[in-house]
Amino acid sequence: MANTFSFYNTLSRKVEEFVPEVPGKVSMYTCGPTVYHFAHIGNIRTYIMQDVLIKALEYSGYEVKRVMNITDVGHLASDADTGEDKMVAGAKREHKTVMEIAKFYTDAFFKDFDAVGNKRPDITEPATNCIPEFIHMIEVLLEKGFAYVAGGNVYFDTGKLDNYYVFSSEVEKEQLQVGVRDDVEEDLNKKNKTDFVLWFTKSKFEDQALKWDSPWGVGYPGWHIECSCISMKHLGNTIDIHCGGVDNIFPHHTNEIAQSESYLGSTWCKYWFHSNHLNDRAGKMSKSKGAVLTVSVLKEKGYDPLAYRFFCLQSHYRKPLEFSFEALDNVTGAFNKLINKIAELKEGGEVDAKAKEKYEGEFRDAVANDLNTSMAITVLYDVLKADMNDATKLALVESFDRVLSLDLIGHAKALSEGPKVDSELEAYILDAIDRRAKAKKEKDFATADAIRDELLSKGVEIKDTREGVKWQLI
Ligand code: AMP
Ligand code: ZN
């Protein structure tokens, strides 16, 4: 039996007890990345919090099936269907084809996604795989009178809905209406300002690289249609939870609901989980702003990607989080101290089942209460401080890490075993020793000394012995 689990549902605007359609089983859809650029650490925050949601549900006894799309076509520079396709712009910027861009940035995305301890979705589907499904849904929407053709494009007719702004209060609705009116590039084909494109044809964007045949001419899909179709393709006509960042609420998720429920004639998804943004001092992090700070860049700078995850877990997913290197340095210090404490625990001995159950209950309550990750971490610290034997503490650390995914035991073991030399570092050291030997042979002692210093700065000490040059990590 699964335990009770609550989180904030953007649709009902309150923290609600989660009740899936099939007891114990959760079908989940998450909007994937638009692969025209690197995913920045803000995007990765969103995927970390979704990962925690999945693992917290699993910790509470649920079985989760998760599907994610990869947006490799149709996402225009503005979410309101204006501007250039982001993928086409990416391809132009890098003098590559759209498919090359998609492959490169999908791989880069998953490298960073994995590095922060996330579990891969059960199914990942690129939008370009599902054109027949998109065309089918658009045909049904046209048949049912929810869509119309104008100027070569197919539009969704939001005027046909009684409640288009499903997520918004009356005040928010008014603000959004003003926002939509202010959109600079007005599309005169639209019957209503909020109508959105389901299918573009070549009549509008001549330079679109990927095009497909359709009943409305050669063209390509709008952005929103992919999530409805990919979700239904793999999870059926209803899903329990739909996830995304807060910027997805309007227009993307609003439009997903409009088209899905008009197509189905019934409710599509009951629970909507949105995590807030990561900002830097200049404001919201954004891919389109140019230079992006990625998890890989953090790694190159010497940060542990899991320390970044720890940073994210310490604040609540519904609050904006401000990133700075200073803050990450502080969290890295705290993370290392935590690992040190765990490394001091001795293996062996008997686990106190009662104490374990008590703390597991506290941890589960924290994550099942609108994903209170900072409270969950407090429970971890409580365990380390508690009057319990080491075996029980280690068992609890392992148990909590099923959700936290900070590789706590692995880090602690590595610390106890001392620094490890990976093959890349070893190759570098051997090469440096060779270069130094050559310099010495040529009587270039300045270079030889510089190489010794270079190694020292990387924590490697070398000694000249009778058996040759020996090195060690210091
Ligand atoms: P995109 O690749 O732009 O479609 O975004 C991928 C995911 O990252 C989406 O779910 C967005 O809502 C989310 N996202 C975009 N910007 C940020 C940010 N600054 N902080 C956190 N999440 C973000
Ligand atoms: Zn989506």
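Because the structure is predicted, anything quoted here is derived from the model rather than measured.

Asks: Please explain the pairing of strand β8 (residues 196–201) as it appears in this structure.
Replies: Across a regular strand the side chains alternate sides, sitting on one face of the sheet and then on the other. The buried fraction of β8 is high, at 6 of 6 residues. Of the pairings in the sheet, the one linking strand β7 (residues 153–156) to β8 comprises 3 bridges and is antiparallel in character. Counterpart to V154 in the pairing with β8 is W199. Strand direction decides the pairing type here: β8 and strand β9 (residues 219–221), joined by 3 bridges, are antiparallel. When the bridges of β9 are listed, T201 appears paired with G219.

Asks: Any chance you could explain the coordination of the zinc ion (ligand 2) here in plain terms?
Replies: Geometry sets the ideal angles at a metal, namely 109.5 degrees for four tetrahedral donors and 90 or 180 degrees for six octahedral donors. On the protein side, the zinc ion (ligand 2) has C31 (SG), C227 (SG), H252 (NE2) and E256 (OE) as donor atoms, found 2.0 to 2.4 Å from it. Classification of the site at the zinc ion (ligand 2) rests on its 4 donor atoms, whose angles at the metal span 74 to 130°, yielding the label irregular. Each donor residue of the zinc ion (ligand 2) belongs to the same chain, with the gaps between them written as C-x195-C-x24-H-x3-E. You can see C227 sitting in helix α6 (residues 225–235) and its partner H252 sitting in helix α7 (residues 249–264), a full 25 residues away along the chain. Of the two residues, C227 and H252, both sit in the buried class.

Asks: Which parts of the structure should I look at to understand the sheet that holds strand β3 (residues 25–30)?
Replies: What links the strands of a sheet is backbone hydrogen bonding, and the strands pair in either a parallel or an antiparallel sense. Within the open sheet, the 5 strands sit side by side as β5-β4-β3-β10-β11. Their pairing is parallel. Each edge of the open sheet is held by one strand with a lone partner, namely β5 (123–126) and β11 (269–275). Along the sheet, successive strands turn relative to each other by an average axial angle of 20°, direction set aside. Across 4 bridges, the pairing between strand β4 (residues 63–70) and β5 is parallel. Bridge pairing links I70 to P126 in β5. Its contacts with the sheet place α7 against β10 (239–245) and β11, and it is angled at close to 165° to β11.

Asks: Quick question: what am I supposed to make of the domain arrangement of the chain here?
Replies: Where the parts come together, the accessible area they lose is often given as the size of the interface. According to the domain assignment, the chain contains domain 1 (6–275), domain 2 (321–416) and domain 3 (423–473). Averaged C-alpha coordinates put domain 1 and domain 2 at centres separated by 36 Å. Each side of the interface is counted separately: domain 1 has 17 residues, and domain 2 has 16 residues. Between domain 1 and domain 2 lies a buried interface of about 1,300 Å² when both sides are counted; carbon and sulfur atoms form 64% of it. Counting across the interface, domain 1 meets domain 2 through 0 salt bridges. Counting the contacts that link domain 1 with domain 2 gives 5 residue pairs in polar contact (both at pLDDT 80 or more). Per element, the largest residue contribution to the side of domain 1 that touches domain 2 is 9 residues, and it comes from helix α1 (residues 41–59).

Asks: Can you walk me through the sheet that holds strand β13 (residues 283–284) in this structure?
Replies: With mixed pairing, the 3 strands of this open sheet are ordered in space as β13-β12-β14. In this open sheet, the two strands that pair with only one neighbour each are β13 and β14 (321–322). Where strand β12 (residues 278–280) and β13 come together, 2 bridges link them in antiparallel fashion. Paired with D280 across the two strands is G283, which belongs to β13.

Asks: For this particular structure, what's the right way to read the environment of A307?
Replies: Position of A307 among the secondary structure elements: in helix α9 (residues 305–313). Taking the relative accessible area as the measure of exposure, A307 reaches 0% and is therefore buried. As a C-alpha pair, A307 and V88 span 219 residues in sequence and 35 Å in three-dimensional space. Each residue touching A307, except ones within four places of it in the same chain, is listed here: L328, V331, T332 and F335.

Rules and cut-offs
- Residues numbered from 1 in each chain as written.
- Chains lettered and ligands numbered in written order.
- Predicted model: local features only at pLDDT ≥ 70, side-chain atom pairs only at ≥ 80, totals over all residues.
- Heavy atoms only, no water.
- Buried < 20%, exposed > 50% of the residue type's maximum accessible area, 1.4 Å probe, protein only.
- Helix = DSSP H or I, 4+ residues; strand = E, 2+ residues; numbered from the N terminus.
- Pairing = 2+ DSSP bridges.
- Donors = N, O, S within 2.8 Å, 3.2 Å for Na, K, Ca; no water.
- Tetrahedral: all angles 85-135°; square planar, octahedral: opposite > 155°, others 65-115°.
- Axes fitted to C-alpha atoms, helices over the stretch in contact; angles between N-to-C directions.
- Contact = heavy atoms within 4.5 Å.
- Domains from an automatic or database assignment.
- Buried area = accessible area lost by both parts, 1.4 Å probe.
- Salt bridge = Lys/Arg side-chain N within 4 Å of Asp/Glu carboxyl O.
- Polar contact = N/O pair within 3.5 Å; in protein donor to acceptor, adjacent residues only side chain to side chain.

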